[in-house]
Amino acid sequence: MTAVRRTRAALPRHRPWPLCRQCGGVALDMGSARTRAWIAGRGMILDVPTVTFPGAGAVYPIQRGSIVDTPGTARMLDRLLGHRLPRFTRPLVVVTAPVLDGFAYRTEARTAVEVLRPRSVLTVPSARAVALAAGADLCRPLLVVDLGARLTEVVLLVDGAVFDARRTALGTDDLDAATPATRIAEAVVDMVTSMLRQDRTSLTVDALGRGPLLAGGGALRPEITCRLTDTLHAPLRAVPAPHTAAVRGAARLLEAAHAHPSATDPDTDPGPPEGCPH
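Everything quoted here is computed from the prediction, not taken from an experiment.

1. Describing unusual backbone geometry
Here Asp159, not a glycine, exhibits a phi torsion of approximately 55°, which is positive. Of note, Asp159 is situated in the loop between strand E10 (152-158) and strand E11 (161-168). With relative accessibility at 17%, the residue Asp159 sits in the buried group.

2. A short note on the pairing of E10
Burial analysis of E10 places seven of its seven residues in the buried class, the great majority of the element. Neither face of E10 is open: one carries Thr152, Val154, Leu156 and Val158, the other Glu153, Val155 and Leu157, and all of them are buried. Two strands pair when backbone bridges link them, and strand E9 (residues 142-147) and E10 are joined in this way by six bridges, in the antiparallel orientation. Considered in E10, the bridge of Val145 is made with Val154.

3. Regarding the pattern of salt bridges
Within this structure, the stated rule accounts for seven salt bridges. Arg150 is paired through a salt bridge with Asp173; the nearest N and O atoms lie 3.2 Å apart. Highlighted residues: Arg150 in the loop between E9 and E10 and Asp173 in the loop between E11 and helix H4 (181-198), separated in sequence by 23 residues. Taking the relative accessible area as the measure of exposure, Asp173 reaches 45% and is therefore partly exposed. For Glu223, the salt bridge identified is with Arg221, shortest N-O distance 2.8 Å. Three or more residues are tied together by salt bridges with common partners; here these are Arg34, Arg36 and Asp47.

4. Details of the packing of helix H3 (residues 126-134) against helix H7 (residues 245-256)
Between H3 and H7, the least distance of the axes is 7 Å, while the angle of their chain directions is 80°. Relative to H7, H3 is oriented roughly perpendicular. Across from Ala129, Val130, Leu132 and Ala133 in H3, the residues of H7 making contact are Ala245, Ala246, Arg248, Gly249, Ala250, Arg252 and Leu253. Here the contact of H3 with H7 is composed, by residue class, of eight nonpolar, one polar and two charged.

5. Describing the sheet that holds strand E3 (residues 34-39)
The five strands lie next to each other as E4-E3-E2-E7-E8, forming an open sheet whose pairing is mixed. The open sheet is flanked by strand E4 (43-49) and strand E8 (120-125), the only strands paired with a single partner. Each adjacent strand pair in this sheet contributes to an overall mean axis angle of 20°, direction not counted. In the sheet, E3 pairs with E4 via six bridges, with the strands oriented antiparallel. Its bridge partner lying in E4, Arg36 is registered against Asp47. Relative to the sheet, helix H1 (residues 70-81) contacts strand E2 (25-30), E3 and E4, its axis offset from that of E2 by approximately 130°. Strands E2, E3, E4, strand E7 (92-97) and E8 of the sheet are contacted by H7, whose axis makes an angle of about 155° with E2.

Conventions adopted
- Residues numbered from 1 in each chain as written.
- Predicted model: local features only at pLDDT ≥ 70, side-chain atom pairs only at ≥ 80, totals over all residues.
- Heavy atoms only, no water.
- Helix = DSSP H or I, 4+ residues; strand = E, 2+ residues; numbered from the N terminus.
- Buried < 20%, exposed > 50% of the residue type's maximum accessible area, 1.4 Å probe, protein only.
- Pairing = 2+ DSSP bridges.
- Salt bridge = Lys/Arg side-chain N within 4 Å of Asp/Glu carboxyl O.
- Axes fitted to C-alpha atoms, helices over the stretch in contact; angles between N-to-C directions.
- Parallel < 35°, antiparallel > 145°, perpendicular 65-115°, else oblique.
- Contact = heavy atoms within 4.5 Å.
- Nonpolar A, V, L, I, M, F, W, Y, C, P; charged D, E, K, R; others polar.

So this is what it looks like as structure tokens:
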């Protein structure tokens, strides 16, 4: 099994853009298996399969953390949300994105979200959204393990920004007799071990000692979490309702936003939290 690694590069900061408090807002977490949406003033309104039906059969526009059918994704969003937004509202949309291959995902997500006529679009790494949902102290190194349906990511956040990340194209939907739950746990352990070996600082060690934060549907699977506890020898902390953590974190970002980027910004990151060293 292979994992992909990306160390942190310089991330461009967005331009300030005053948030219109009278505009609507939508938080979106579009996963390979399920799409979840939160609308300002209404809360969580959608938790549905990520699927479209353009013809006789079902089409899955997002696969293993990649948007493979952008028009299909747009049709899905229009069908699910178009009639739920006030007709003349131009919402601020916050979209979670996988950390690795995130640029391609963000580009396609922005195109698909245009169907909602957004005033602006803000993207946030899923791991950071999870940390926000958990109310984690982002001024300290934090390991986030996102155990999704078809993708698993391990991300090291430092000052709230991505410092290192690994992924494997394996999730809870892949589990059967040939792929037991222990394979996901072993993949996570391999990714954390690789981080520890290649980190020349104490950041990964500090984050592991603090305890990895678990999110995604896999965090509800005791056969996975027990195996991780036994092999990582670290205190694991599951986010409450871990399967919806990412969209709830995006909603917190939406509610707390005082500024957001122009929808034309090619790359967006919310940056370190206030009070943390930059």
